[in-house]
Amino acid sequence: MMMQTGQAAPWFTAPTPSVPNFNFSSLGGRYVLLAFLPTEPIARQLALAAMQAHQSLYDQTNLVAFGVLRDPVAMSQAQDRPGLMWFLDQSGAVSRAYGAVSQAGVETPYWCLLDPSLRVMVAGGMDQTEQVFAAIRALPAPGDHAGVPLHAPVLVVPRIFEPEMCARLIEFYERRGGERSGTMRQVGGKTVAVLDDFKSRRDATIEDEAFRDELRARIQTRLLRPINRAFQFNPTRIERYIVACYDADDGGGYFKPHRDNTTSGTAHRKFACSINLNAEEFEGGDLRFPEFGPKTYRPPTGGAVVFSCSLLHEATPVTRGRRYAFLPFFFDEAGEALRQKNLHTLQFGDEPSARAAGA
Ligand SMILES: O=C(O)CCC(=O)C(=O)O
Ligand SMILES: [Fe+2]
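Keep in mind that this is a model prediction, so the values were computed, not measured.

Definitions and cut-offs
- Residues numbered from 1 in each chain as written.
- Chains lettered and ligands numbered in written order.
- Predicted model: local features only at pLDDT ≥ 70, side-chain atom pairs only at ≥ 80, totals over all residues.
- Heavy atoms only, no water.
- Domains from an automatic or database assignment.
- Buried area = accessible area lost by both parts, 1.4 Å probe.
- Salt bridge = Lys/Arg side-chain N within 4 Å of Asp/Glu carboxyl O.
- 1 Å grid on protein atoms, 1.4 Å probe; cavity = no way out; pocket = protein on both sides within 12 Å on 5 of 7 lines; lining within 4 Å.
- Points joined across faces, edges and corners; volume = space filled by probe spheres on them.
- Helix = DSSP H or I, 4+ residues; strand = E, 2+ residues; numbered from the N terminus.
- Nonpolar A, V, L, I, M, F, W, Y, C, P; charged D, E, K, R; others polar.
- Near = heavy atom within 4 Å.
- Polar contact = N/O pair within 3.5 Å; in protein donor to acceptor, adjacent residues only side chain to side chain.
- Areas by Shrake-Rupley, 256 points an atom, 1.4 Å probe, with all protein chains shown as cover.
- Sits in = over half its atoms within 2 Å of the grid points.
- Pairing = 2+ DSSP bridges.
- Core = buried A, V, L, I, M, F, W, Y, C linked by side-chain atoms within 4.5 Å.
- Buried < 20%, exposed > 50% of the residue type's maximum accessible area, 1.4 Å probe, protein only.
- UniProt positions renumbered as here; feature names shortened; annotations may be inferred.
- Donors = N, O, S within 2.8 Å, 3.2 Å for Na, K, Ca; no water.

1. Quick word on the domain arrangement of the protein
The assigned domain composition of the protein is domain 1 (7-144) and domain 2 (154-347). Using C-alpha coordinates to define each centre, domain 1 is positioned 34 Å away from domain 2. Summed over both partners, the interface of domain 1 with domain 2 buries about 630 Å², with 56% contributed by carbon and sulfur atoms. At the surface where domain 1 touches domain 2, the tally comes to zero salt bridges.

Below, the structure is given as structure tokens:
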């Protein structure tokens, strides 16, 4: 049975011809067309022709289209292009999760159009191809898909660190120097830190316990209550005491859209926190939550933005100057039990900086 309007699209990872482990959940922020194609050759050719005829609609920024292929021969001929890619679903797991193949193996080929928060907007069978593409042509900008202005469910709390503490943290970074930090990825059963162009940032880790105590005290007395009020969550543990630096002159500091808890080694993280240390001194370098439109968030100097680690978020490029931020994750005792359980899946490369500050 086809998915229905409003249902959350199941997340999965699957290979495409150009990406061995494509993470579907990172697609938020634009419309996504999934085409569950028929296996019968003539019907499939018709559907493929309809897909290709609308190629100009798949501009990547507003809409990206994926054909879901289960047939190995079709897979071997498929090639990814910008905006039009292919999920190779040899086991049929993705097609089953979306109701395009029943448990008994009966197929229901269909077009499944997802909104920028990855929920079903339009679902239509192959006999409704024209109507589906007419609906796609009439779509508003991704940020307007709800018909009303959207706000990300994030909490902004000013006055966590006083100006002197912000200056001390920047000075600490300048004295220590930062090391390039990586991104945590799941590769098979392991969580590994990867250094690539997904992120351009340097981090310095605060090891000194007395310094950590000072930072923790401020978070405890000034930030925990607002978090509890907004999210009914009581953090008891902090991961990462780092000062991060995004530098316009060093790779154009940025962090592309990601979620913070999608690997076994990071699944325990509940809330992420960004405390800006010099908000007046750089351009760009805002937080953005693509599933909730183009609006950006910029905590004031010493202030925090707190958000669920499950939300897709990005740090936009710093275009002038350097952005310094203190970036902890919060979790609780249940999270600690999960962290202990999954610890054996964490695998660090030889890169010490990735070890210090993977996100
Ligand atoms: O730069 C920020 O404020 C967010 C950083 C981030 O998303 C991360 O370290 O996971
Ligand atoms: Fe993050």
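2. Things to note about the layout of surface pockets
The probe, sized like a water molecule, is rolled over the atoms to show the empty space still left. In this model, the largest pocket occupies a volume close to 1,200 Å³. Lining the largest pocket are 42 residues, with Asn-21, Phe-22, Asn-23, Ser-26 and Arg-185 positioned closest to its centre. For the lining of the largest pocket, the secondary-structure elements that each account for two or more residues are β2 (22-23), β4 (63-69), β10 (183-187) and β16 (254-258). Ranked by the residues each element gives to the lining of the largest pocket, the list is headed by β10, at five residues. The class makeup of the residues in the lining of the largest pocket is 17 nonpolar, 16 polar and nine charged. Two domains each donate at least three residues to the lining of the largest pocket, and these are domain 1 (7-144) and domain 2 (154-347).

3. Examining the site of ligand 1
As a structural note, the neighbourhood of ligand 1 is formed by 14 residues, with Arg-201, Tyr-246, Ser-274, His-313 and Arg-323 the closest of them. At a separation of 2.9 Å, an oxygen atom of ligand 1 approaches a polar side-chain atom of Arg-201. At 3.1 Å from an oxygen atom of ligand 1 is found a side-chain nitrogen or oxygen belonging to Arg-240. For ligand 1, whose accessible area on its own is 300 Å², the fraction buried by protein is 97%. If you map ligand 1 onto the pockets, it falls in the largest cavity.

4. A look at the sheet that holds strand β26 (residues 346-347)
With mixed pairing, three strands are arranged side by side in an open sheet as β10-β11-β26. Taken across any chain shown, the strands that pair with only one partner, and hence form the sheet edges, are β10 and β26. Here two bridges tie strand β11 (residues 190-194) to β26, and the two strands are oriented parallel to one another. If you follow Val-192 over to β26, its bridge partner there is Gln-347.

5. Looking at the nonpolar core
Counting residues in each nonpolar core, the largest one holds 30 residues, and the members touching the most others are Phe-161, Leu-169, Ile-206, Leu-215, Leu-223, Leu-277 and Phe-326. Going through the elements one at a time, β8 (155-157), α5 (163-176), α6 (209-222), β15 (242-247), β17 (271-276), β21 (304-308) and β24 (322-326) are the ones with two or more residues in this core. With six residues, the single largest contributor to this core is α5.

6. A few points about the UniProt feature "domain: Fe2OG dioxygenase" (unreviewed entry) in the protein
In the numbering used here, UniProt assigns the feature "domain: Fe2OG dioxygenase" (unreviewed entry) to residues 232-333. Helix makes up 1% of residues 232-333 and strand 44%, whereas the separation of the span's terminal C-alpha atoms amounts to 15 Å.

7. Quick word on the coordination of the iron ion (ligand 2)
Coordination sphere of the iron ion (ligand 2), protein contribution only: His-258 (NE2), Asp-260 (OD) and His-313 (NE2), at 2.1 to 2.2 Å. Expressed as a motif, the donor residue spacing for the iron ion (ligand 2) is H-x1-D-x52-H. With Asp-260 in the loop between β16 and β17 and His-313 in strand β22 (residues 313-315), the pair connects residues that are 53 residues apart, well separated along the chain. In this structure, Asp-260 and His-313 share a single accessibility class: buried.

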